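For reference, the chains in residue letters:
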Amino acid sequence: MKNFIYPCRLPKEKVDRSVGFEFEYSNLEIEDTANLIAKEYNGEIIKINPYNYKVNTSLGTFKVIMDFGFLSNSKLKEINKEIGLELDESTIEKIEEIIAQIGKSLVPFELTTPPLKISNINEAHNIKELLRKNGALGTKANFLYAFGLHINPEARSFEVEEILSDLRAFFVLYDYIKDILDVDITRRLTTYIDPFDSSYILKVLDFNYKPTINEFIDDYITYNPTRNRALDLLPLLTFIDEERVRAKLPDEKIGKRPTYHYRLPDSRVDELTWSPCFAWNSWVLVEALSVEKEELARLSKLMYKYLETPWNLLQKDELEEEVNRWVQKSIKSL
């Protein structure tokens, strides 16, 4: 896969779609990041508060925040008003500064790109290099940094059959992708990218499973009432039927988007040889398998058979060999 790292590959279908990236990192202050983006893309900076900036550019709006809603959303000010603490502005700022200093060892900064046209997707690599050259640190810089690169690819279709195909393809390729991306052990040990439960995987891989979109949403939430999955479908399902999702998960923080939320990759923004294209290209493989219906059915049945008897190492070996064979063939055509 070394020759598959860069540039970003284009999917086989519907390249007029968009994709957004969320880079988590440390060691490069929020204001400095906003200034870099503004300079690079001739943008206008809007300061919401010291932990939340927006930068309007010709590409769209970038967001730069400390990934801690208490600070980025000015929650202390809200609490001050609601319960009458009577703290003045300077006191609130000092308390926030103390919290921020304590949190910096664990809580990342986050740079969110606007939706980029897939035809312009290599801009993601340029943004990563901008962070690297200005001192940003990524996942491997500290064993406490469970930082991720989150990718939000616009769905090819909102039809339940195609969403099922995408999910089946992700399940089939999950172990392969996890290995080639070399996902950091700290991130694997957190709950942020929990794998799907085998009972749900078996349900989805069964080609007798032909739900309506409402049934699919209900089943997904029953098995996955959380955003913390390596592939989070809640933003997409909320876009399709917001009332249904929020009625079942009223307290879950879900961004409504016509996209998947691919959370598996690390954010190694400080590494010269790493590119967000590598992570994106792993998603392109998922889409490539999704549209090859015969191969998807064949590999799904192999995986289903293995999950039913996981102690059968011969079946595991067969599944891995067939997945590897399909991947090597597909890489040549991308």
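If you're wondering where the values come from, they're calculated on a predicted model, not measured in any experiment.

In this section: the state of the cysteines. Counted by the stated rule, this structure contains one disulfide. Through a disulfide, Cys-8 is tied to Cys-277; the S-S separation comes to 2.1 Å. Taking the torsion about the S-S bond as the criterion, the Cys-8 to Cys-277 disulfide, at about -85 degrees, is left-handed. Pair noted here: Cys-8 is in the segment before β1 (18-25) and Cys-277 is in helix α12 (residues 276-291), with a separation of 269 residues, a long-range link. Each member of the pair, Cys-8 together with Cys-277, is buried.

Next up on the list: the pairing of strand β3 (residues 52-57). Every other side chain in a regular strand lies on the same face of the sheet, so the side chains alternate between the two faces. Examined bridge by bridge, strand β2 (residues 44-49) and β3 share five bridges and lie antiparallel to one another. By the bridge assignment, Ile-45 is partnered in β3 with Val-55. Between the antiparallel neighbours β2 and β3 lie two residues. Bridge count between β3 and strand β4 (residues 60-66): six bridges; the pairing is antiparallel. Note that in β4 the partner of Tyr-53 across the bridge is Val-64. Between the end of β3 and the start of β4, which pair antiparallel, lie two residues.

Turning next to unusual backbone geometry. Look at Asn-27: it is not a glycine, yet its phi comes out positive at around 75 degrees. Here Asn-27 shows up in the loop between β1 and α1 (30-41). Backbone geometry at Asp-182 places phi at a positive 50 degrees, although glycine is not the residue there. Residue position: Asp-182 is located in the loop between α6 (160-181) and α7 (185-189). For Asp-182, a relative accessible area of 40% corresponds to the partly exposed category.

We now examine empty space enclosed by the protein. Inspection of every chain in the model, using the stated rule, returns one cavity of 30 Å³ or more. Size it by volume and the largest cavity reaches roughly 30 Å³. Taken together, Leu-181, Pro-265, Asp-266, Arg-268 and Trp-274 make up the lining of the largest cavity. Considered class by class, the residues forming the lining of the largest cavity number three nonpolar, no polar and two charged.

Attention now moves to the layout of surface pockets. There is about 500 Å³ of room inside the second largest pocket. Lining the second largest pocket are 21 residues, with Phe-171, Tyr-174, Asp-175, Tyr-176 and Met-303 sitting closest to its centre. Among the elements of the structure, α6, α8 (198-205), α13 (293-308) and α14 (313-333) are those that each provide at least two residues to the lining of the second largest pocket. Of the residues that constitute the lining of the second largest pocket, the class distribution is 15 nonpolar, two polar and four charged.

Here we come to the packing of α12 against α14. Think of two packed helices as two axes; the pair is described by the angle between the axes and how far apart they sit. Axis separation between α12 and α14 bottoms out at 11 Å; the angle between their running directions is 100 degrees. On the basis of their axis angle, the class for α12 and α14 is roughly perpendicular. Residues Leu-285, Ala-288 and Leu-289 of α12 form the contact with α14, whose participating residues are Trp-326, Val-327, Ser-330 and Ile-331.

We now examine the packing of aromatic side chains. Applying the stated rule across the entire model yields 17 aromatic pairs. Ring geometry for Tyr-200 versus Tyr-223: centroids 5.1 Å apart, planes at 40 degrees, classification tilted. One end of the pair, Tyr-200, is in helix α8; the other, Tyr-223, is in helix α9 (residues 213-223), and 23 residues separate them in sequence. Classification of Tyr-200 by relative accessible area gives buried; the value is 0%. Taking the relative accessible area as the measure of exposure, Tyr-223 reaches 31% and is therefore partly exposed. An aromatic cluster of at least three residues, connected via ring pairs, comprises Phe-170, Phe-171, Tyr-174, Phe-196, Tyr-200, Phe-216, Tyr-220, Tyr-223, Tyr-260, Tyr-262 and Trp-283. Over the ring of Phe-207 we find Arg-168, and its NZ or CZ is 4.1 Å from the ring centre. Lying across the ring of Phe-196, Arg-229 places its NZ or CZ 5.9 Å from the centre.

On to the environment of Leu-167. Locating Leu-167 in the fold gives a position in helix α6. With 38 residues separating them in the primary sequence, Leu-167 and Leu-205 have C-alpha atoms 8.9 Å apart. Look past the residues within four positions of Leu-167 in its chain and what remains in contact with it is Phe-196, Tyr-200, Val-204, Phe-216, Leu-231 and Leu-233.

Side chains that carry opposite charge are capable of pairing whenever their charged atoms lie near each other. Within this structure, the stated rule accounts for 19 salt bridges. In this structure, the salt-bridge partner of Asp-182 is Arg-268, at a minimum N-O distance of 3.9 Å. Remark: Arg-268 occurs in the loop between β9 (261-262) and α12 and Asp-182 occurs in the loop between α6 and α7; sequence separation between them is 86 residues. What makes Arg-268 buried here is its relative accessible area of 9%. Residues Arg-268 and Asp-266 are paired through a salt bridge, measuring 2.8 Å at the closest nitrogen-oxygen approach. The two residues Arg-268 and Asp-266 agree in class, both being buried.

What counts and how
- Residues numbered from 1 in each chain as written.
- Predicted model: local features only at pLDDT ≥ 70, side-chain atom pairs only at ≥ 80, totals over all residues.
- Heavy atoms only, no water.
- Disulfide = S-S within 2.5 Å.
- Helix = DSSP H or I, 4+ residues; strand = E, 2+ residues; numbered from the N terminus.
- Buried < 20%, exposed > 50% of the residue type's maximum accessible area, 1.4 Å probe, protein only.
- Pairing = 2+ DSSP bridges.
- 1 Å grid on protein atoms, 1.4 Å probe; cavity = no way out; pocket = protein on both sides within 12 Å on 5 of 7 lines; lining within 4 Å.
- Points joined across faces, edges and corners; volume = space filled by probe spheres on them.
- Nonpolar A, V, L, I, M, F, W, Y, C, P; charged D, E, K, R; others polar.
- Axes fitted to C-alpha atoms, helices over the stretch in contact; angles between N-to-C directions.
- Parallel < 35°, antiparallel > 145°, perpendicular 65-115°, else oblique.
- Contact = heavy atoms within 4.5 Å.
- Phe/Tyr/Trp six-rings, centres within 6.5 Å; stacked < 30°, edge-to-face > 60°.
- Lys NZ or Arg CZ within 6 Å of the ring centre and 35° of its normal.
- Salt bridge = Lys/Arg side-chain N within 4 Å of Asp/Glu carboxyl O.

Note that every value here comes from positions in space, so none of it alone points to a role or purpose.
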